[in-house]
Amino acid sequence: SSKTFWTTTGMFPQELIIGFPKCVKISKVAIQCYLVRTLRIERSTSKDPVGFEQCVEKDLQHREGQLQMEEFILPEFQATYLRFIIKSAFDHFVSVHRVMAEGT
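Bear in mind the structure is a predicted one, so any value in this text is a computation, not a measurement.

Draft legend 1. Just unusual backbone geometry, in detail. Cis peptide bonds are those with omega within 30 degrees of zero, and the linkage from Phe12 to Pro13 qualifies with 10°. Here Pro13 is to be found in the loop between strand S1 (6-7) and strand S2 (14-34).

As structure tokens, this is what we get:
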């Protein structure tokens, strides 16, 4: 829902895990967030959310008063879970408004 968002509790790193009903192929991940400085995306193909491996890590641009929209075009990979780790921020609290994964 565009009316909801997830916010951190103030200390870093913070993480958010998204699970799929089965292992899927992903080619692009996009995130809409606010005040995130460094973001890492990891994946797991396990039945449970364990054994993550890093896909990408990026320093995001600060946009005063605006949401950050970042797209990550990735070599197609499989995942049952995606873990988003907010390693650092431009403020004490950040928010994640939307996460999208494209693939098959």
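Draft legend 2. Spatial organisation of the nonpolar core. If you look at the biggest cluster of nonpolar residues, it comprises 22 residues, and the most contacted ones within it are Leu39, Ile41, Leu82 and Phe84. For this core, the secondary structure elements donating two or more residues are S2, strand S3 (36-44) and strand S5 (68-89). A per-element tally of this core places S5 first, with eight residues. If near-sequence neighbours (up to four positions away) are discounted, Phe84 is found in contact with Gln14, Glu15, Leu16, Ile18, Val29, Ile31, Leu39, Arg40, Ile41 and Val99.

Draft legend 3. Seen up close, the side chain of Thr38. Looking at where Thr38 falls in the secondary structure, it is placed in strand S3. Look at Thr38 and you get buried, because its relative accessible area is 9%. Every residue in contact with Thr38, bar those within four places of it in the chain, is listed here: Glu57, Lys58, Asp59, Ile85, Ile86, Lys87 and Ser88.

Draft legend 4. Looking closely at the sheet that holds S2. An order of S1-S6-S2-S5-S3-S4 is seen for the six strands of this open sheet, with the pairing classed as antiparallel. Whereas interior strands pair on both sides, the edge strands pair on one side only; in this sheet they are S1 and strand S4 (53-59). Across 15 bridges, the pairing between S2 and S5 is antiparallel. Across the sheet, Leu16 pairs through a bridge with Phe84, a residue of S5.

Draft legend 5. How the structure looks around the pattern of salt bridges. Under the defined criterion, the tally for this structure stands at ten salt bridges. Across the salt bridge formed by Arg40 and Glu42, the nearest N and O atoms sit 3.4 Å from each other. A residue is classified by how much of its surface remains accessible, and Glu42, at 7% relative accessible area, is buried. In this structure, the salt-bridge partner of Glu57 is Lys87, at a minimum N-O distance of 3.1 Å. Note that Glu57 is positioned in strand S4 and Lys87 in strand S5, a separation of 30 residues in sequence. Since its relative accessible area comes to 33%, Glu57 is described here as partly exposed.

Draft legend 6. Structural detail: the environment of Gln78. Relative to the assigned elements, Gln78 resides in strand S5. We classify Gln78 as partly exposed; its relative accessible area is 40%. The sequence separation of Gln78 and Arg43 amounts to 35 residues, and the corresponding C-alpha distance is 8.1 Å. Not counting the four nearest positions on each side in its chain, Gln78 is found in contact with Cys23, Val24, Lys25, Arg43 and Thr45.

About the criteria used
Residues numbered from 1 in each chain as written. Predicted model: local features only at pLDDT ≥ 70, side-chain atom pairs only at ≥ 80, totals over all residues. Heavy atoms only, no water. Helix = DSSP H or I, 4+ residues; strand = E, 2+ residues; numbered from the N terminus. Core = buried A, V, L, I, M, F, W, Y, C linked by side-chain atoms within 4.5 Å. Buried < 20%, exposed > 50% of the residue type's maximum accessible area, 1.4 Å probe, protein only. Contact = heavy atoms within 4.5 Å. Pairing = 2+ DSSP bridges. Salt bridge = Lys/Arg side-chain N within 4 Å of Asp/Glu carboxyl O.

Purely geometric stuff here, so don't read any function into it on its own.
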